[in-house]
Amino acid sequence: MNPTPYFIRHARPRDITAIRAMQARSMWTLGADFYSEAEIAGFMEAFGTMDDAIVLEGHCFLAEDAYGAILASGAWSRAKPGYAAGLPAKGHAGDMPTVRSVFVDPAVARCGVGTAIMLRVEQDAIAHSVLLLGLTATLSGVPLYQRLGYQVEEVTQILFPDQTRFGCVKMQKVLDRDAI
């Protein structure tokens, strides 16, 4: 099967609703092999998939097909992620630029679109003098990040207000300035 043709561009505020819809499909479908329905529902209710601010900050990208369908999203931000409040106090959340809101539509999962988004995010970070990126990966995202050279810092959990826990992995990568 040939992968769906797509191009990567900056996300715009008018894209937010469509981005969130794709992210929710991704979380519910691709996350189902790693989390219970209750864990996904708790994550979506407590934190959602994306802060509007990351689009407004200007470092959010999306992959779009020829018909305008959003196939993937990803960003980096200097702002502290909303989910960081549920993480243990130690670690990098908010201490370094953070990869955020990386999601791939289930229809194109494992076709290279997530990799392409991440490479664009890293290129943009390097262009803005960022040489170390941190992230908190969902369990379903860990294999992608490991393939891209992110190193596991800590296996941890986000604590929801109802005291249930959502497994995740803190990771980081030193970026290669010569890669752009």
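### Some words on the packing of aromatic side chains
Within a pair of aromatic rings, the relevant descriptors are the distance that separates the centres and the angle that separates the planes.
Alright, step 1. Overall, the coordinates contain 6 aromatic pairs when judged by the stated rule.
Alright, step 2. Here Y145 and Y150 contribute two aromatic rings whose centre-to-centre distance is 5.9 Å and whose plane-to-plane angle is 70°, an arrangement assigned as edge-to-face. In this structure, Y145 and Y150 share a single accessibility class: buried.
Alright, step 3. When the ring of F160 is compared with that of F166, the centres are 5.9 Å apart and the planes differ by 50°; the resulting orientation is tilted.
Alright, step 4. On the basis of relative accessibility, which here comes to 1%, the residue F166 falls in the buried class.
Alright, step 5. By way of ring pairs, the aromatic residues Y35, F43, F47, F160 and F166 are connected into one cluster.

### Here's the deal with the nonpolar core
Alright, step 1. Core analysis: the largest hydrophobic core is formed by 27 residues, its most contacted members being V99, M118, L133, L135, Y145, Y150 and M171.
Alright, step 2. Among the elements of the structure, β2 (60-65), β3 (70-77), β4 (98-104), α4 (113-127), β5 (132-138), α5 (142-147) and β7 (165-174) are those that each provide at least two residues to this core.
Alright, step 3. No other element matches the 6 residues that α4 contributes to this core.
Alright, step 4. Not counting chain neighbours up to four residues away, the residues in contact with Y150 comprise V99, M118, E122, L133, L135, Y145, M171, Q172 and K173.
Alright, step 5. If you look at the next biggest cluster of nonpolar residues, it comprises 20 residues, including I16, V55, L62 and F166.

What counts and how
- Per chain, the residues get numbers from 1 upward, laid out in the order the sequence is written.
- Only residues with pLDDT of at least 70 get local features here, since the model is predicted, and only at 80 or more are side-chain atom pairs given and counted; chain-wide, interface and lining totals rely on the full set of residues.
- Neither water nor hydrogens contribute to the side-chain values; these are computed over all heavy atoms in the structure.
- Each Phe, Tyr or Trp ring (for Trp, its six-membered ring) is paired with any other whose centre lies within 6.5 Å, and the angle between the two planes then decides the class: stacked below 30 degrees, edge-to-face above 60, tilted in between.
- For every residue, the accessible area (1.4 Å probe, protein chains only) is compared with the maximum for its type, and the residue is labelled buried under 20%, exposed over 50%, or partly exposed between those bounds.
- Definition used in this section: a nonpolar core is a set of buried Ala, Val, Leu, Ile, Met, Phe, Trp, Tyr and Cys residues joined via side-chain atoms within 4.5 Å.
- Counting from the N terminus, the helices are the DSSP runs of H or I reaching at least four residues and the strands are the DSSP runs of E reaching at least two.
- Contact criterion: two residues are considered in contact whenever any of their non-hydrogen atoms come within 4.5 Å of each other.

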